[in-house]
Amino acid sequence: VTRSLRVGIAGLGRLGMRHAENLMQRIPEVELLAACSPVGTERAAAGALGVPRLHADYGGLLSDPYIDAVFLVTPTSLHADQIVAALEAGKHVFCEKPLALNLADCLRVEAAAAKRPDLVVMIGFVRRFDPSYRDAAARIAAGAIGRPYFVRSQTTDKNDPSGFFVKFAATSGGIFLDCTIHDIDLARWLLGAPTPVRAWASGTIALHEGLRQYGDVDNAVATVEFAGGQLATFFASRTLAHGQDTHTEVFGTAGSLAVGLGARLNRVDLCDERGQRHECTPDFFSRFYEAFQAEAQAFARAVLDRQPSPLPLADATEATRVAIAVTHAFRERRIVEVEGAR
Ligand SMILES: NC(=O)c1ccc[n+]([C@@H]2O[C@H](COP(=O)([O-])OP(=O)(O)OC[C@H]3O[C@@H](n4cnc5c(N)ncnc54)[C@H](O)[C@@H]3O)[C@@H](O)[C@H]2O)c1
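The paragraphs below set out a description of the structure included in this document. As the structure is a prediction and not an experimental result, all values here were calculated from the model.

Definitions and cut-offs
Residues numbered from 1 in each chain as written. Predicted model: local features only at pLDDT ≥ 70, side-chain atom pairs only at ≥ 80, totals over all residues. Heavy atoms only, no water. Helix = DSSP H or I, 4+ residues; strand = E, 2+ residues; numbered from the N terminus. Rg over C-alpha atoms; globule rule 2.2 N^0.38 Å. Buried < 20%, exposed > 50% of the residue type's maximum accessible area, 1.4 Å probe, protein only. Areas by Shrake-Rupley, 256 points an atom, 1.4 Å probe, with all protein chains shown as cover. Expected span 1.5 Å × (residues − 1). Near = heavy atom within 4 Å. Polar contact = N/O pair within 3.5 Å; in protein donor to acceptor, adjacent residues only side chain to side chain. 1 Å grid on protein atoms, 1.4 Å probe; cavity = no way out; pocket = protein on both sides within 12 Å on 5 of 7 lines; lining within 4 Å. Sits in = over half its atoms within 2 Å of the grid points. Patch = residues over 30% accessible without salt bridge, like charges linked within 9 Å, V, L, I, M, F, W, Y side chains within 5 Å. Salt bridge = Lys/Arg side-chain N within 4 Å of Asp/Glu carboxyl O. Axes fitted to C-alpha atoms, helices over the stretch in contact; angles between N-to-C directions. Parallel < 35°, antiparallel > 145°, perpendicular 65-115°, else oblique. Contact = heavy atoms within 4.5 Å. Nonpolar A, V, L, I, M, F, W, Y, C, P; charged D, E, K, R; others polar. Pairing = 2+ DSSP bridges.

### Structural notes on the overall build of the protein
Next, step 1: Scanning the protein from terminus to terminus reveals 11 helices and 15 strands.
Next, step 2: Computed over C-alpha atoms, the radius of gyration of the protein comes to 20 Å, within 12% of the 20 Å expected from 2.2 N^0.38 for 342 residues, which places it in the range of a compact globule.
Next, step 3: Viewed in the frame of its principal axes, the protein has a C-alpha envelope of about 55 × 50 × 45 Å.
Next, step 4: Within the protein, the fraction of its 342 residues that count as buried is 52%.
Next, step 5: Of the accessible surface of the protein, which amounts to about 14900 Å², a share of 53% is contributed by carbon and sulfur atoms.

### Brief notes about helix 11 (residues 313-332)
Next, step 1: With 20 residues, helix 11 should reach 28 Å at 1.5 Å per residue; the first-to-last C-alpha distance of 29 Å fits that figure.
Next, step 2: With 16 of its 20 residues buried, helix 11 lies for the most part within the structure.

### Examining the site of the ligand
Next, step 1: In the vicinity of the ligand lie 29 residues, with Leu 12, Arg 14, Glu 42, Thr 76 and Lys 97 positioned nearest.
Next, step 2: The backbone of Leu 12 places a nitrogen or oxygen atom 2.9 Å from an oxygen atom of the ligand.
Next, step 3: Residue Gly 13 places a main-chain N or O atom 3.0 Å away from an oxygen atom belonging to the ligand.
Next, step 4: Its free accessible area being 860 Å², the ligand has 86% of it covered by the protein chains.
Next, step 5: Given that more than half its atoms are within 2 Å of the pocket grid, the ligand belongs to the largest pocket.

### Section: a nonpolar patch on the surface
Next, step 1: Where nonpolar side chains cluster on the molecular surface, the patch consists of Trp 200, Val 221 and Ile 335 and spans about 270 Å² of accessible area.
Next, step 2: Among the structural elements, Ile 335 can be located in the loop between helix 11 and strand 15 (336-337).

### Considering the packing of helix 4 (residues 79-88) against helix 5 (residues 103-115)
Next, step 1: Two numbers describe how helix 4 lies on helix 5: the axes approach to 9 Å, and their chain directions differ by 10°. Considered as vectors, helix 4 and helix 5 are oriented roughly parallel to each other. Along its contact with helix 4, which presents Ala 80, Asp 81, Ile 83, Val 84 and Leu 87, the element helix 5 presents Asp 105, Arg 108, Val 109, Ala 112 and Ala 113.
Next, step 2: Classifying every residue of the contact of helix 4 with helix 5 gives 7 nonpolar, no polar and 3 charged.

### Overview of the pattern of salt bridges
Next, step 1: Taken as a whole and assessed by the stated rule, the structure comprises 25 salt bridges.
Next, step 2: The closest approach of N and O atoms between Asp 305 and Arg 3, which form a salt bridge, is 3.6 Å. One end of the pair, Asp 305, is in the loop between helix 10 (289-304) and helix 11; the other, Arg 3, is in the segment before strand 1 (5-10), and 302 residues separate them in sequence.
Next, step 3: Two residues, Asp 105 and Arg 108, come together in a salt bridge whose shortest N-O distance is 2.9 Å. Residue Asp 105 and its partner Arg 108 are both found in helix 5; the two are separated by 3 residues, about one turn of the helix.
Next, step 4: Overall, Arg 108 belongs to the partly exposed group, its relative accessible area being 34%.
Next, step 5: One network of salt bridges, in which partners are shared, links Arg 3, Glu 29, Arg 301 and Asp 305.

### Here's the deal with the environment of His 278
Next, step 1: With respect to the element layout, His 278 can be found in the loop between strand 14 (275-277) and helix 9 (284-287).
Next, step 2: With 120 residues separating them along the chain, His 278 and Lys 158 place their C-alpha atoms 16 Å apart.
Next, step 3: Excluding anything up to four places from it in sequence, His 278 contacts Gly 262, Ala 263, Arg 264, Val 268 and Asp 269.

### Describing the sheet that holds strand 3 (residues 53-55)
Next, step 1: Taken in spatial order, the 6 strands make up an open sheet running 3-2-1-4-5-6, and their pairing is parallel. With one partner strand each, in any of the chains shown, strand 3 and strand 6 (121-124) form the two edges of the open sheet. Across the sheet, the mean angle from the axis of one strand to that of its neighbour is 25°, orientation sign disregarded.
Next, step 2: Looking at chain direction, strand 5 (residues 92-96) and strand 6 are connected through 4 bridges and run parallel.

### With respect to the sheet that holds strand 10 (residues 231-240)
Next, step 1: Pairing is mixed across the open sheet formed by 7 strands, whose spatial order is 12-11-7-10-9-8-15. Pairing within the sheet leaves two strands with one partner each, and these edge strands are strand 12 (255-259) and strand 15.
Next, step 2: Pairing geometry for strand 11 (residues 247-252) and strand 12, over 5 bridges, is antiparallel. When the sheet's bridge partners are listed, Glu 249 is paired in strand 12 with Ala 258.
Next, step 3: Here helix 6 (residues 131-141) sits on the sheet in contact with strand 7 (148-158), strand 11 and strand 12, set at roughly 165° to strand 12.

Printed below as a string of structure tokens:
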């Protein structure tokens, strides 16, 4: 008998429906049996996908006896409370990044998880499941570039003229907690989890004036120093003209490597009277399509095989700690000491 994990998903927005389609169609370890959204049209979309049990409120999903695990793809401001409630209801939890918007909430989730060591909790740092990032990490671990001392990493989206990000900014925690947190997690991973000590950041609004009311920006840079002397610099943008051009470079004492330089949709190069060019990946989902599947599969396998979470919760807390320090540096226009890092 093949065992499978019975999942309910909460949040069916921009990313939630993508996760729902994956869980329904591409993850053999999972049965997607329930979905939850306060929005009727979103529940109808999940129903049309074939999800049998639809809940209007999260409490209903948590008391659904058919569900062993929840997938949270809800606004970031809800993550901590929803994870704690799921653990108290005895459900395994996959939750989208970031874990929370403040450290007290991160630690509250860690405490709730510590009380239920029988349950898997995983925060979705999807890039750790991307085949190219995994290859880079394995090469660095094998010494291919010597001792890594500098990461330069960017998360840069194609401009979305619909204004989605202006509405989204109310609950996202701002560009550093929403976007740069991916690069922060990568830097910690690829540099061997050094202790962050100081952060500096700045930002600008290139296009979306509506962000100003939230104290947010659409382009931002940050630099973080680590205790061992390692450095990381980050760039986040929501306004690129050509597509989703996320990439990372790592410099070491015996070489360097890069992941994702020259972002491309596929291997077609077109040559014509205007020159030679290729198309760029249009959005994060097309760039990290395989990684989203591998991530869901890793979560399901950990639960089914009674293994620990593939991504320790403490890593999500530490990435949040750095993103918060960077956000303070940006808002207060000063260099911020990173306190309490593990
Ligand atoms: N890993 C990545 O690369 C990546 C990319 C995009 C978004 N995300 C994360 O995914 C999360 C969702 O982002 P999004 O872009 O899909 O946002 P979104 O605003 O499009 O979707 C949020 C969804 O949550 C639902 N919702 C709101 N309150 C709810 C509640 N109480 N119970 C259940 N559902 C509720 C909304 O109806 C909507 O379906 C965020 O935390 C974001 O950081 C991660």
